Amino acid sequence: MATYRRFIFVCTGSDCKKSGCKVLQREIKELIQSEDHKGKFKVIKTKCMDFCKSAPTVVINNEVIKKADISSIRKKL
Ligand code: FES
């Protein structure tokens, strides 16, 4: 069984969908497959996390990243 260092929760609720969470999720998966991060992270899709006005929303290590994009995610890894 794989042991991940961290989990990355990506909201896939309706407002986050409208704000591009599917593209962001794909970009995050590509990023964590890179040599530096391979096997350390697992991406988990969630329902609405109640930060809809700041969509798309991502949580890494209990930190909420509002209006997340791939550069803000990269800084948190
Ligand atoms: S839909 Fe993503 S936080 Fe509500």
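Residues numbered from 1 in each chain as written. Predicted model: local features only at pLDDT ≥ 70, side-chain atom pairs only at ≥ 80, totals over all residues. Heavy atoms only, no water.

As recorded in an unreviewed UniProt entry, the protein goes by the name (2Fe-2S) ferredoxin domain-containing protein, listed as coming from Arthrospiribacter ruber.

1. Observations regarding the state of the cysteines
Considering all chains together, one arrives at zero disulfides under this definition. Take Cys21: it sits in no disulfide, and the sulfur closest to it among the cysteines is that of Cys16, at 5.9 Å. For Cys21, a relative accessible area of 1% corresponds to the buried category. (Disulfide = S-S within 2.5 Å. Buried < 20%, exposed > 50% of the residue type's maximum accessible area, 1.4 Å probe, protein only.)

2. Side note on unusual backbone geometry
If a residue is not glycine, its phi is most likely negative; likewise, a peptide bond is most likely trans. Note that the residue after Ala55, namely Pro56, is joined by a cis bond; omega there is 0°. Mapped onto the fold, Pro56 is located in the loop between strand E2 (41-46) and strand E3 (58-60). Positive phi values are uncommon outside glycine, yet Asn61 reaches one of about 55°. Examined against the element boundaries, Asn61 turns out to sit in the loop between E3 and strand E4 (63-65). Positioned with a positive phi, Lys67 is a non-glycine residue whose angle comes to about 50°. Judged by relative accessible area, Lys67 falls into the exposed class, the value being 57%. (Helix = DSSP H or I, 4+ residues; strand = E, 2+ residues; numbered from the N terminus.)

3. A few points about the pairing of strand E1 (residues 6-11)
As a general feature of sheets, a regular strand has side chains that alternate between the two faces. Direction of pairing for E1 relative to E2: parallel, over a ladder of six bridges. Among the inter-strand pairings, Phe9 is bridged to a residue of E2, identified as Ile44. Here three bridges tie E1 to E3, and the two strands are oriented antiparallel to one another. Within E3, the residue paired with Val10 across the bridge is Val58. (Pairing = 2+ DSSP bridges.)

4. What to know about the environment of Asp36
Turning to its location among the elements, Asp36 is positioned in the loop between helix H2 (21-32) and E2. When the C-alpha positions of Asp36 and Leu77 are compared, they lie 9.9 Å apart, and in sequence the two are 41 residues distant.

5. What to know about the side chain of Thr46
Locating Thr46 in the fold gives a position in strand E2. Those residues in contact with Thr46, other than ones at most four positions away along the chain, are Phe9, Val10, Cys11, Thr12 and Gly13. (Contact = heavy atoms within 4.5 Å.)

6. Some words on a positive patch on the surface
Together, Lys17, Lys22, Lys29, Lys42 and Lys45 make up a region of like positive charge exposed at the surface. Of all the secondary-structure elements, those providing two or more residues to the positive patch are H2 and E2. Tracing the chain through its elements places Lys29 in helix H2. Classification of Lys29 by relative accessible area gives partly exposed; the value is 42%. (Patch = residues over 30% accessible without salt bridge, like charges linked within 9 Å, V, L, I, M, F, W, Y side chains within 5 Å. Areas by Shrake-Rupley, 256 points an atom, 1.4 Å probe, with all protein chains shown as cover. Salt bridge = Lys/Arg side-chain N within 4 Å of Asp/Glu carboxyl O. Lys, Arg positive; Asp, Glu negative; His and termini not counted. Charge placed at Lys NZ, Arg CZ, Asp CG, Glu CD.)

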